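Inside the fold
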Amino acid sequence: MAESTTISNTANLLKYLDLDQKGIVQAEYIWIDGSNGVRSKTKTLEKAPTSIEDLPEWNFDGSSTAQAPGEDSDVYLRPVAMFADPFRRGNNILVLAECWNSDGAPNKFNYRHECAKLMEAHKDQKPWFGLEQEYTLFDEFGNPYGWPKGGFPGPQGPYYCGVGTGKVYCRDIVEAHYRACLFAGIKISGINAEVLPSQWEYQVGPCLGIEMGDHLWMSRYLLHRVAEEFGVKISFHPKPIPGDWNGSGLHTNVSTEAMRKEGGMKHIEEAIHKLAKRHKEHIAVYGDDNTLRLTGRHETGSIDAFSFGVADRGSSIRIPRSCAKEGFGYFEDRRPASNACPYQITGIMIETICGGI
């Protein structure tokens with residue numbers, strides 16, 4: 001069955017968005033479902049909240065999101081962060097919420113809860129993270145956007161940070177997403193076209209502790225919402241196109257306060273040795289289908305072996321050349337797949353390099 005080609009008629013919507021809301025606020029509650037995706041629904045608030053504590057708990061049908069059985073389907077939404085809404089604007093907000101079961105336990109897909117405990121336990125180390133989110137754009141029929149119908153574009157080479165027709169696609173979506181993130185208050189730090197045609201990357205960070213996962217998940221929500229209006233699909237699959245094409249990763253830049261100071265290279269090296277001992281445990285939570293990406297080719301290390309090096313994009317862990325020269329800074333974990341959960345990545349990272357709870 002052919003998929004619908006209907007695209008949101010945003011131009012008609014605009015005249016309604018200008019209507020007076022009479023002091024009422026629309027709050028879009030957003031959560032992570034049981035399939036590593038985002039869901040949302042809207043709640044009317046009588047007045048604008050001044051803090052996260054002003055936001056009420058809510059609930060949803062978890063049996064429809066792969067988060068609960070039908071006979072006990074209520075899952076509760078507990079607000080944890082809020083952002084300005086770039087779509088409705090005004091005093092309207094986006095609310096990121098954790099999922100909790102009716103028995104008072106965190107939902108099994110609530111990875112934020114455990115991550116937050118780890119960040120709190122090691123907050124004295126002041127962990128900073130920066131995530132590089134790669135993604136690929138597809139049209140409504142499931143074809144890579146801009147690719148020749150039934151064929152392939154030219155080999156990789158001119159597309160990375162490319163400029164010009166035939167080298168980049170969907171810059172309008174990328175720019176719209178960038179501006180939406182800035183308006184929302186997300187710590188987006190840059191964008192660039194990637195190696196695979198129709199593949200892009202944006203960076204979020206540096207963020208302190210649990211803030212990293214919050215901002216990355218909200219940026220993913222905004223990307224899907226923006227793409228809706230252009231009739232384009234977003235794929236976070238780590239190997240969106242089989243064959244001799246680059247995959248998509250979620251490169252994770254990490255530092256503690258000790259690593260960022262004079263003599264920090266010693267602490268970076270200690271962290272890398274700890275990471276080497278838990279390679280398989282990290283890979284287990286670094287995203288689905290990552291075996292298709294971590295082949296040792298296309299700027300990746302092998303999924304079966306841990307490696308590290310200075311300025312080496314074919315290793316598991318890369319130490320930037322500038323950090324090696326200065327003797328302090330940060331390191332980059334190149335193993336996480338583009339579809340990995342940032343709470344799981346940053347949580348296990350802190351557990352490994354700083355210790356458990």
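Everything quoted here is computed from the prediction, not taken from an experiment.

Following the UniProt record, the feature "domain: GS catalytic" (unreviewed entry) maps to residues 111–357 here. The distance from the first to the last C-alpha atom of residues 111–357 is 15 Å, and the span holds 34% helix and 18% strand.

As a further point, take the pairing of strand β10 (residues 250–255). On a regular strand, one side chain projects to one face of the sheet and the next to the other, so that they alternate. Extensive coverage of β10 is indicated by the burial of 6 of its 6 residues. Of the two faces of β10, both are covered, the one formed by Leu250, Thr252 and Val254 as well as the one formed by His251, Asn253 and Ser255. Judged from the 6 bridges that link them, strand β6 (residues 128–138) and β10 form a sheet pairing that is antiparallel. By the bridge assignment, Trp128 is partnered in β10 with Ser255.

Mapped onto the fold, Phe87 is located in the loop between β4 (74–84) and β5 (93–101). Exposure remark for Phe87: the relative accessible area of 15% places this residue in the buried category. Separated by 97 residues in sequence, Phe87 and Ala184 have C-alpha atoms that sit 9.6 Å apart. Apart from the residues within four sequence positions on either side, Phe87 is in contact with Leu17, Leu222, Arg225, Val226 and Glu229.

This next bit is on a negative patch on the surface. Side chains of Asp61, Glu71, Asp72, Asp74 and Asp103 sit close together on the surface and give a patch of like negative charge. With respect to the helices and strands, the residue Asp103 is situated in the loop between β5 and α2 (111–121).

Below, the discussion takes up helix α6 (residues 265–277). Given a rise of 1.5 Å per residue, 13 residues ought to cover 18 Å, and the 19 Å separating the end C-alpha atoms of α6 matches this to within 8%. Looking only at α6, the buried set comprises Met265, Ile268, Ala271, Ile272 and Leu275. End-on view of α6: buried residues confined to an arc of 115 degrees, all on one side of the axis. Exposed residues lying more than 90 degrees from the buried face of α6 are Lys266 and Lys277.

The feature "domain: GS beta-grasp" (unreviewed entry), as given by UniProt, occupies residues 25–104 in the numbering adopted here. Annotated as residues 25–104, this span is 0% helix and 50% strand, and its ends, taken at the C-alpha atoms, are 29 Å apart.

So, about the state of the cysteines. By definition, a disulfide links the sulfur atoms of two cysteines through a covalent bond. Counting across every chain of the model gives 0 disulfides. Left without a disulfide partner, Cys161 is nearest to the cysteine sulfur of Cys170, which lies 17 Å away. According to the relative accessible area criterion, Cys161 is partly exposed, its value standing at 41%. Here Cys181 stays free of any disulfide, with the sulfur of Cys207 as its closest cysteine sulfur at 11 Å. Looking at Cys181, the relative accessible area reads 0%, which means it is buried.

So, about helix α4 (residues 211–228). With 18 residues, α4 extends 26 Å from end C-alpha to end C-alpha; this agrees with the ideal 26 Å at 1.5 Å per step. The buried fraction of α4 amounts to 14 of the 18 residues, a majority that puts the element mostly inside the structure.

As a further point, take a nonpolar patch on the surface. Taken together, the side chains of Leu13, Tyr16 and Leu19 define a hydrophobic patch exposed on the protein surface, amounting to about 330 Å² of accessible area. Mapped onto the elements of the fold, Leu13 is located in helix α1 (residues 10–17).

Strands sit in the order β2-β1-β5-β4-β3 across an open sheet of 5 strands; the sheet is mixed. Across the chains shown, the open sheet's two edge strands, defined by having one partner strand only, are β2 (38–45) and β3 (58–61). Ignoring strand direction, the axes of neighbouring strands in this sheet form an average angle of 40 degrees. Sheet topology places strand β1 (residues 25–32) next to β2; 8 bridges connect them, and they run antiparallel. The partner of Trp31 across the bridge, within β2, is Arg39.

Trans peptide bonds make up the majority, and among non-glycine residues the majority have a negative phi. The omega torsion across Gly205 and Pro206 is 0 degrees, close enough to zero to call that bond cis. Inspection of the secondary structure assignment puts Pro206 in strand β8 (residues 199–208). Positive phi outside glycine occurs at Lys22, with the angle close to 55 degrees. Position of Lys22 among the secondary structure elements: in the loop between α1 and β1. Notably, His298 is not glycine yet its phi reads approximately 55 degrees, a positive angle.

With that settled, the discussion passes to the layout of surface pockets. Volume-wise, the largest pocket comes out at about 550 Å³. Lining of the largest pocket is provided by 33 residues; of these, Glu132, Glu201, His251, Glu332 and Arg334 occupy positions nearest its centre. When contributions to the lining of the largest pocket are tallied by element, the ones reaching two or more residues are β6, β7 (188–193), β8 and β10. Of all the elements, β6 adds the most residues to the lining of the largest pocket, at 6 residues.

Conventions used here
- Residues numbered from 1 in each chain as written.
- Predicted model: local features only at pLDDT ≥ 70, side-chain atom pairs only at ≥ 80, totals over all residues.
- Heavy atoms only, no water.
- UniProt positions renumbered as here; feature names shortened; annotations may be inferred.
- Helix = DSSP H or I, 4+ residues; strand = E, 2+ residues; numbered from the N terminus.
- Buried < 20%, exposed > 50% of the residue type's maximum accessible area, 1.4 Å probe, protein only.
- Pairing = 2+ DSSP bridges.
- Contact = heavy atoms within 4.5 Å.
- Patch = residues over 30% accessible without salt bridge, like charges linked within 9 Å, V, L, I, M, F, W, Y side chains within 5 Å.
- Areas by Shrake-Rupley, 256 points an atom, 1.4 Å probe, with all protein chains shown as cover.
- Salt bridge = Lys/Arg side-chain N within 4 Å of Asp/Glu carboxyl O.
- Lys, Arg positive; Asp, Glu negative; His and termini not counted.
- Charge placed at Lys NZ, Arg CZ, Asp CG, Glu CD.
- Expected span 1.5 Å × (residues − 1).
- Arc of directions from axis to C-beta.
- Disulfide = S-S within 2.5 Å.
- Axes fitted to C-alpha atoms, helices over the stretch in contact; angles between N-to-C directions.
- 1 Å grid on protein atoms, 1.4 Å probe; cavity = no way out; pocket = protein on both sides within 12 Å on 5 of 7 lines; lining within 4 Å.
- Points joined across faces, edges and corners; volume = space filled by probe spheres on them.

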